[in-house]
Amino acid sequence: MRFCRFDDNRLGVIKGDMVHDVTEALAALPPLAWPVPHGDQFFNHFDMLRPQMEALADRVPGRPVGEVRLLSPVGNPGKIVAAPVNYALHLDESRADRQINFGSEIKTIHEYGVFLKSPSSVIGAGDAVVVDWEDRRTDHEIELALVIGKQGFRIAEEDALDHVAGYMIGLDMTIRGTEDRSFRKSLDTFTVLGPHIVTADEVGNPGALDFEITVNGESRQKSNTALLILNVQQLIAYASKAYTLYPGDVIMTGTPEGVAPVKPGDVMHAWIDRVGEMSVRVA
Ligand code: MN
């Protein structure tokens, strides 16, 4: 199943090029009281909601998905776990290019571990990435992103895919400079998730997906998730050694070579095999 959040927080199921409004399914969610439990309320109850979403999608008419404004399909990610330098050729380019490394030694992902991006940086495909630090280089990073569907701590690699609800395209926008990654990658609008979620059963093996990003029609990054240094299963195992992964947590798996700057007015077009494609404006 493919589903999205759109317009005024509507929930949609996507079939072909049509989005079917299944917001009514959310009436089954239990009320929240402060303090809200860990995790995203939707993904904490996704298994319960899914049959009703599918039934409604069969019943209600659709409208062209191109006519709606796509929001991030994850409304309230508790945390966004991200993988630094997780493709060998991106490690090479980061070490070679002073505009990327700013004089810092670039270590390996085995030395860095993973890092966290702020949930307040998240937007959907219908919003624009705001690049307004005029004296600084801001780059695109296309990444396979996933959302956790089942809570887990110290998850074994062989069990890891059971914890994935679905996959999205992730854009990990980044200001280059000397500051910590969590600062340079957490500006408002610097995490684009979308265009929708494809449930894990439709993707199957996440370790052999072609993907590409173009800017104004020019190819910038093109690779395959088979080239990840730590693959999806290993990233889930690694992250959950440290912290419990809750439903709605997002993992961004890292970006390949070809990172390059964007400026206001650019249009990024990102595509991942079996996941989808989206155009995102830079403002
Ligand atoms: Mn990244």
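A quick note: this is a predicted structure, and the numbers were derived from the prediction, not measured. (Residues numbered from 1 in each chain as written. Predicted model: local features only at pLDDT ≥ 70, side-chain atom pairs only at ≥ 80, totals over all residues. Heavy atoms only, no water.)

1. Describing the coordination of the manganese ion
Every protein donor of the manganese ion is listed here as Glu-141 (OE), Glu-143 (OE) and Asp-172 (OD), and their distances to the metal cover 2.0 to 2.1 Å. Each donor residue of the manganese ion belongs to the same chain, and together they define the spacing E-x1-E-x28-D. (Donors = N, O, S within 2.8 Å, 3.2 Å for Na, K, Ca; no water.)

2. Let's talk about the side chain of Asp-139
Relative to the elements of secondary structure, Asp-139 occurs in strand 9 (residues 138-140). Taking relative accessible area as the criterion, Asp-139 reaches 0% and is therefore assigned buried. Of the polar contacts made by the side chain of Asp-139, one reaches the side chain of Arg-176; its length is 2.8 Å. The contacts of Asp-139, once residues within four sequence positions are left out, are Asp-172, Met-173, Thr-174, Arg-176, Val-259, Ala-260 and Pro-261. (Helix = DSSP H or I, 4+ residues; strand = E, 2+ residues; numbered from the N terminus. Buried < 20%, exposed > 50% of the residue type's maximum accessible area, 1.4 Å probe, protein only. Polar contact = N/O pair within 3.5 Å; in protein donor to acceptor, adjacent residues only side chain to side chain. Contact = heavy atoms within 4.5 Å.)

3. Here we look at the side chain of Glu-143
Counting through the fold element by element, Glu-143 comes out in strand 10 (residues 142-148). The buried charged residue Glu-143 lacks any salt bridge partner; its closest oppositely charged side chain belongs to Lys-185, at an N-O distance of 5.2 Å. For Glu-143, the residues in contact, after removing those within four places along its chain, are Met-168, Ile-169, Gly-170, Asp-172, Met-252, Thr-253, Gly-254, Thr-255 and Ile-272. (Lys, Arg positive; Asp, Glu negative; His and termini not counted. Salt bridge = Lys/Arg side-chain N within 4 Å of Asp/Glu carboxyl O.)

4. Comments concerning the pairing of strand 15 (residues 218-224)
Note that strand 14 (residues 210-215) and strand 15 share six bridges and pair antiparallel. Paired with Ile-213 across the bridge in strand 15 is Gln-221. Count of turn residues in the strand 14/strand 15 antiparallel hairpin: two residues, of which Asn-216 carries a positive phi of about 50°. (Pairing = 2+ DSSP bridges.)

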